[in-house]
Amino acid sequence: MYDYLIQGATIVDGLGGQPYTGDIAIKAGKIAELGQVSGDAKEIIDADGAYATPGWVDVHTHYDGQVSWDDTIDPSFSHGVTSIVMGNCGVGFAPCRPGHEKQMIELMEGVEDIPGTALYEGIEWGNWETFGEFIDYLGTKEYTLDVGTQVPHSAVRYYVMGERSLKHEDATSDDLSAMANIVAEGMRAGAVGFSTSRTAGHRSVLGDAIPGTYAEKEELVAIASAMGKGVFQAVPAGVVGDIVVEKWTTEQEVELFTEVARASGRPCTFTLAQNGNRPDQWRNCLDLVEQANAQGVSITPQIATRPIGFVTSLKSYHMFQRRETYLKLSQLPFDQMLVELRKPEIKAAILTDKDVPPDQPGVMANLYAGLGMMAPAMFPINLPINYEPEPGGNIAALAAAAGQ
Ligand SMILES: [Zn+2]
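Given the structure is predicted, the values throughout are model-derived calculations rather than measurements. (Residues numbered from 1 in each chain as written. Predicted model: local features only at pLDDT ≥ 70, side-chain atom pairs only at ≥ 80, totals over all residues. Heavy atoms only, no water.)

**Some thoughts on the domain arrangement of the protein**
Piece 1. The domain boundaries assigned to the protein delineate domain 1 (2–52), domain 2 (56–303) and domain 3 (324–401).
Piece 2. Placing a centre on the C-alpha atoms of domain 1 and another on those of domain 3 gives a separation of 46 Å. (Domains from an automatic or database assignment.)

Right, here's the structure in full:
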C-alpha cells in the first residue's frame, strides 16, 4: 500500500526527455514507482491535465519580509517551487540594530516593489538583531517549502558603518574586519551565501544607491574570504541597461567577480540579462565567464529565461499616473474614473499635462518616467494570454498604425 498515488499526470522528469503521461506512487516520502503503477494507496490524486515535475528551486527571491507573515510562501509554492533562496541583491532585514528597522525597510522598498507599510506591520521585528538570531527565528517557523537565506551586504554595511554607508564612504580596515566577522558568523549560523548589489538601479526609496553598491574590490575580497562556505551572489553594474548611470560596465564587473572568486575560493554567481542598449554585452560576459571557468575559477551567471517585465495597467504603475489631470481623477472610484478617462477633453488634457514627480525619488512609482520609452517593448495582455506575441504587435506599433 502506497501513501499517495498520483494518477495520469503529464510527467516532466527533468532529465531532458519528452513529457509523458503516467502515475507516481509515493511511500514514506519517496517516489516508489513511476510510469504505469498498479497497487492501492491511502490517497489517490487525479492529476489528469496537470504537470508533475521535480520541485523547482528558486535561487533569486525576496521573501525576507514575507517569511514573517506567510507560512505558505505564495505565489512560489502554488507554482511548484519547493526551495527558495532569499537575501538576494544585498537587501534583507538582518543584521538590524533596534531602532534601525526604518532604514532597512527604506532599502528594500526601493529595490523591490514591496510597500513599506506591509514591511512595518507584517515583519515580526524585535525577534532578532544578529544574522544568527534571524536564522534561529526562521527555525521557529514551519513553511510549505525549504527556505535558505544569504547575508545581505547592505544590511551588514549599514550595521557596521551607519550613516557612512549611506554616503558610500570607503570601508576602513576596522570596518572590513567587522563586516567580515558578521558575514562569517552568518555563514556559520546557516546562511547559504552572501549577496551584494552593484547597480545604481537598486535604490532606496530616498533615491540613492543602496549601501555596498560602490564597494571596492578589497571589501568584497575581505568578506568573500571570510565566508568559508556558500556562494557569493552579485547583481553587476550595467545589468539593467542604460536607464541609470553606472560606474562600471558589466564586463568590468565579471572581471571583478573573477578576481573575488579567485582570491577567496568562493563560487560566484551573478545576474545576467539582455541589455537593449548594448546588444553584445551578454556575449562578452559569457566569454569572460568561460575564460574564468577554464582557469578553474567558479563563476556562474544566472540568466532569466525571459526579460525583466512589468505589468502596467490603470490599476498599477502606468505612464500617465503622475499627470496633473490624472492625479485629480485617481481619487474617484475606479468605474467612475474610467468614465472620465474616456472623455476626449480629459485625454487631451492628460497628454499635454506636466508630470508631478512622487515625493520620494526612489519609490517604484517613479517607473512612470521610463514606461513611455518602453512602448516598443510593451504588448497588450488579453485572455487567453499570448506569451509569444509577434514583435509588430507592440503598443508603439499599434499606436502608430492607429495614427496616435
Ligand atoms: Zn533581486
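**Side note on the coordination of the zinc ion**
Piece 1. The protein atoms that coordinate the zinc ion are H60 (NE2), H62 (NE2) and C89 (SG), at distances of 2.1 Å.
Piece 2. Ordering the donors of the zinc ion by residue number gives the pattern H-x1-H-x26-C.
Piece 3. Taking the relative accessible area as the measure of exposure, H62 reaches 14% and is therefore buried. (Donors = N, O, S within 2.8 Å, 3.2 Å for Na, K, Ca; no water. Buried < 20%, exposed > 50% of the residue type's maximum accessible area, 1.4 Å probe, protein only.)

**Quick look at the environment of E101**
Piece 1. Within the secondary structure, E101 sits in helix α1 (residues 101–111).
Piece 2. Its relative accessible area of 21% is what places E101 among the partly exposed residues.
Piece 3. A C-alpha to C-alpha distance of 7.7 Å links E101 and W125, two positions 24 residues apart in sequence.
Piece 4. For E101, the contacting residues outside a window of four places in its chain are C96 and W125. (Helix = DSSP H or I, 4+ residues; strand = E, 2+ residues; numbered from the N terminus. Contact = heavy atoms within 4.5 Å.)

**Overview of the nonpolar core**
Piece 1. Residues F93, F134, V183, F232 and I299 are the most contacted members of the largest nonpolar core, which totals 65 residues.
Piece 2. Look past the residues within four positions of F134 in its chain and what remains in contact with it is D64, M86, A94, W128 and T149.
Piece 3. Among the nonpolar cores identified, the runner-up in size contains seven residues, and I6, I11, I24 and A47 belong to it. (Core = buried A, V, L, I, M, F, W, Y, C linked by side-chain atoms within 4.5 Å.)

**Notes on the sheet that holds strand β6 (residues 56–58)**
Two strands in a sheet stick together by hydrogen bonds in their backbones, pointing the same way (parallel) or opposite ways (antiparallel).
Piece 1. Reading across the sheet, the seven strands line up as β6-β7-β8-β9-β10-β11-β12 and stay open at both edges, with parallel pairing between neighbours. One side of each edge strand has no neighbouring strand; the edge strands of this open sheet are β6 and β12 (299–303). Each strand of the sheet is rotated relative to its neighbour by a mean of 25 degrees, with strand direction disregarded.
Piece 2. Taken together, the three bridges between β6 and strand β7 (residues 81–86) define a ladder with parallel strand orientation. Residue W56 lies in a different strand from β7, and its bridge partner there is V81.
Piece 3. Taken strand by strand, helix α4 (residues 153–161) contacts β8 (146–152) and β9 (193–197), and its axis lies near 45 degrees from that of β8. (Pairing = 2+ DSSP bridges. Axes fitted to C-alpha atoms, helices over the stretch in contact; angles between N-to-C directions.)

**Structural notes on α1**
Piece 1. Listing the buried residues of α1 in full gives M104, I105, E106, L107, M108, G110 and V111.
Piece 2. Where α1 is buried, its residues contact α2 (116–122) and α4.

**Brief notes about the packing of aromatic side chains**
Piece 1. Taken as a whole and assessed by the stated rule, the structure comprises nine aromatic pairs.
Piece 2. Both rings, one in F194 and one in F232, keep their centres 5.6 Å apart while their planes meet at 40 degrees; by these two values the pair is tilted. A residue pair is termed long-range when its members are at least 10 positions apart, and F194 in strand β9 and F232 in strand β10 (residues 231–235) qualify at 38 residues. Accessibility classification places F194 together with F232 in one group, the buried group.
Piece 3. Feature note: the residues F93, W125, W128, F131, F134 and Y137 constitute an aromatic cluster, connected by ring pairs.
Piece 4. The aromatic ring of W248 is capped on one face by R198, whose charged end is 4.5 Å from the ring centroid.
Piece 5. Its end group placed over the ring of F334, K315 keeps NZ or CZ at 4.6 Å from the ring centre. (Phe/Tyr/Trp six-rings, centres within 6.5 Å; stacked < 30°, edge-to-face > 60°. Lys NZ or Arg CZ within 6 Å of the ring centre and 35° of its normal.)

**Structural notes on the state of the cysteines**
Piece 1. Under the defined criterion, the tally for this structure stands at zero disulfides.
Piece 2. Residue C268 stays outside any disulfide, its sulfur separated by 12 Å from that of C285, the closest cysteine.
Piece 3. Taking the relative accessible area as the measure of exposure, C268 reaches 3% and is therefore buried. (Disulfide = S-S within 2.5 Å.)

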